[in-house]
Amino acid sequence: MNQAQLVPARLALTVLVSTVAVLGAAGVYQASAQSSSLPPAVVGTWNATFNDNGQLNPVLLTFHADRTLLMSGVNGEGSSLTLGGWSASPDGGVAFEARVLGAEKGKYMGLIRLRGNLNVHGAALTGTMGGEAVTPDGKVLFSWKGETIKALRVAPPAAE
């Protein structure tokens, strides 16, 4: 091959190698973008029981993909709605913080702040939490920790 033929051959080879590299990089980017778009294992609704020193409290927990949290439960006063957020830890666990407003005879009395750490094991979730009761002006009335949480995932209905 003479010098005049070598230049176009090198150019064609360079274009070919560059094209393969760009397509390969795009494939890697697409694969990593797809894997990062998968929802964490905790996303969904869970049938939970909070165990506070033998007092079992049923709760529904819903972890949303946007990192918000919704809890619905019952207590001596009736039902409650708790809102909050969560974050995934590198070890696969989940940390959350949520708040529920408290009222007595229709009057706002403050809020309960809950904090916990959970671990997902397939269709089961376990963990611990604690919290504090806070007056409207920010005074902590009492706090607790060590409450256990056990939950099972609520399976979506089968398609008909």
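From a predicted model like this one, the values you see are computed outputs, not experimental measurements.

## What about the side chain of Thr135?
Structurally, Thr135 is set in the loop between strand S7 (124-134) and strand S8 (140-153). Exposure remark for Thr135: the relative accessible area of 16% places this residue in the buried category. Separated by 2.3 Å, the side chains of Thr135 and Asp137 make a polar contact.

## What about the confidence of the model for the protein chain?
Across the protein chain, pLDDT averages 78, with 73% of residues at or above 70. Confidence over residues 5-36 falls short of pLDDT 50; this stretch has 2 contacts with residues more than four positions distant or in other chains.

## Observations regarding the environment of Ser79
Along the chain, Ser79 falls in strand S4 (residues 78-88). When the C-alpha atoms of Ser79 and Val59 are compared, they prove to be 9.8 Å apart, with 20 residues separating the residues in sequence. Aside from chain neighbours lying at most four places away, what touches Ser79 is Gly73 and Val74.

## Considerations on the pairing of S7
Of all 11 residues in S7, 8 are buried, a share of seventy percent or more. Across 11 bridges, the pairing between strand S6 (residues 107-121) and S7 is antiparallel. By the bridge assignment for S7, Asn117 is matched with Thr128. For S7 and S8, the ladder comprises 10 bridges, and the chain directions are antiparallel. Note that in S8 the partner of Gly131 across the bridge is Trp144. Connecting S7 to the antiparallel partner S8 that follows it, the hairpin turn spans 5 residues, and Gly138 within it adopts a positive phi of roughly 95°.

## Side note on the pattern of salt bridges
A side chain of one charge can pair with a side chain of the opposite charge when the charged atoms of the two come close. Using the criterion set out here, one finds 4 salt bridges in the structure. The salt bridge involving Glu97 is made with Arg99; its shortest N-O contact spans 3.2 Å. The exposure class of Arg99 is partly exposed, given its relative accessible area of 42%. With a closest N to O distance of 3.6 Å, Arg115 and Glu132 form a salt bridge. You can see Arg115 sitting in strand S6 and its partner Glu132 sitting in strand S7, a full 17 residues away along the chain. For Arg115, a relative accessible area of 37% puts it in the partly exposed group.

## Overview of the packing of aromatic side chains
Counted according to the given criterion, the structure contains 2 aromatic pairs. Ring geometry for Phe63 versus Trp86: centroids 6.0 Å apart, planes at 85°, classification edge-to-face. With Phe63 in strand S2 (residues 55-63) and Trp86 in strand S4, this residue pair connects regions lying 23 residues apart in the sequence. Per residue, the accessibility class of Phe63 equals that of Trp86, and both read buried. Seen in terms of ring centroids, Phe142 and Trp144 are 6.2 Å apart; in terms of plane orientation they differ by 35°. Their pairing is tilted. Under the relative-accessibility criterion, Trp144 is labelled partly exposed at 22%.

Conventions and cut-offs
Residues numbered from 1 in each chain as written. Predicted model: local features only at pLDDT ≥ 70, side-chain atom pairs only at ≥ 80, totals over all residues. Heavy atoms only, no water. Helix = DSSP H or I, 4+ residues; strand = E, 2+ residues; numbered from the N terminus. Buried < 20%, exposed > 50% of the residue type's maximum accessible area, 1.4 Å probe, protein only. Polar contact = N/O pair within 3.5 Å; in protein donor to acceptor, adjacent residues only side chain to side chain. pLDDT = per-residue confidence, 0-100. Contact = heavy atoms within 4.5 Å. Pairing = 2+ DSSP bridges. Salt bridge = Lys/Arg side-chain N within 4 Å of Asp/Glu carboxyl O. Phe/Tyr/Trp six-rings, centres within 6.5 Å; stacked < 30°, edge-to-face > 60°.

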